[in-house]
Amino acid sequence: MIHGIEQRTHDRLLDRSLLAIADRLGVDGREVTVDIPPAALGMLESQAQDSIYYSVRYNGELVTGYPDLPLPDPTRLAASARIHWSSSYKGREIRLVAKARKLYGKPMPVVIQVAETTRAR
């Protein structure tokens, strides 16, 4: 288990990836769209070759990403804050960050998640 400064440092990298994806969200007609820049996930690459996962969901439906990524607790997910938590995915420990973001013309927020395995930590 990781604590303190190291945990916050890795969480900041997750935050940057999440925000890079959130900045590329849009609405095309009635559909939520996202153009994920390569740098959004590339900034998480490490020498330990951790795996990186992401998902973008609108109204519970997957827009893009990994459909079975662990979902955040909706009671903790506010439209203005990011939440971090640890879980497991495909038998490996992961650290996740999620954020709900409102888009113009859409009544529900879009939920963006980024996760990384924790070998480098």
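Residues numbered from 1 in each chain as written. Predicted model: local features only at pLDDT ≥ 70, side-chain atom pairs only at ≥ 80, totals over all residues. Heavy atoms only, no water.

(A) Highlighting the overall build of the protein. Helix and strand counts for the protein come out as two helices and seven strands. Listing every helix and strand of the protein by position from the N terminus yields α-β-β-α-β-β-β-β-β. Burial status across the protein gives 42% buried among its 121 residues. Contacts in the protein between residues at least 24 apart in sequence constitute 52% of all its contacts with a sequence separation of at least 6. For the protein, the exposed surface amounts to about 7000 Å²; the carbon and sulfur share of it is 50%. (Helix = DSSP H or I, 4+ residues; strand = E, 2+ residues; numbered from the N terminus. Buried < 20%, exposed > 50% of the residue type's maximum accessible area, 1.4 Å probe, protein only. Contact = heavy atoms within 4.5 Å. Areas by Shrake-Rupley, 256 points an atom, 1.4 Å probe, with all protein chains shown as cover.)

(B) How the structure looks around the pairing of strand β4 (residues 61–65). Relative to β4, strand β3 (residues 52–58) runs antiparallel, the two sharing four bridges. By the bridge assignment, V56 is partnered in β4 with T64. Count of turn residues in the β3/β4 antiparallel hairpin: two residues, of which N59 carries a positive phi of about 55 degrees. (Pairing = 2+ DSSP bridges.)

(C) Quick peek at the side chain of Q113. In this structure, Q113 sits in strand β7 (residues 110–117). Given the relative accessible area of 0%, Q113 is considered buried. Within the structure, Q113 has its side chain in polar contact with the backbone oxygen of P70 (distance 2.7 Å). Setting aside chain neighbours within four positions, we find Q113 in contact with L18, Y53, Y54, S55, L69, P70, L71, P72, W85, L96, V97 and A98. (Polar contact = N/O pair within 3.5 Å; in protein donor to acceptor, adjacent residues only side chain to side chain.)

(D) Spatial organisation of the pattern of salt bridges. In the structure shown here, the tally under the stated rule is four salt bridges. One salt bridge in this structure joins D23 and R101, with 3.4 Å as the shortest N-O distance. Of the two residues, D23 sits in the loop between α1 (4–22) and β1 (25–28) while R101 sits in strand β6 (residues 92–101), which places them 78 residues apart along the sequence. In this structure, R24 engages D35 in a salt bridge whose closest nitrogen and oxygen atoms are separated by 2.7 Å. Taken as a pair, R24 in the loop between α1 and β1 and D35 in the loop between β2 (31–34) and α2 (38–42) lie far apart in primary sequence, eleven residues in all. (Salt bridge = Lys/Arg side-chain N within 4 Å of Asp/Glu carboxyl O.)

Taken by themselves, the reported measurements are silent on function.
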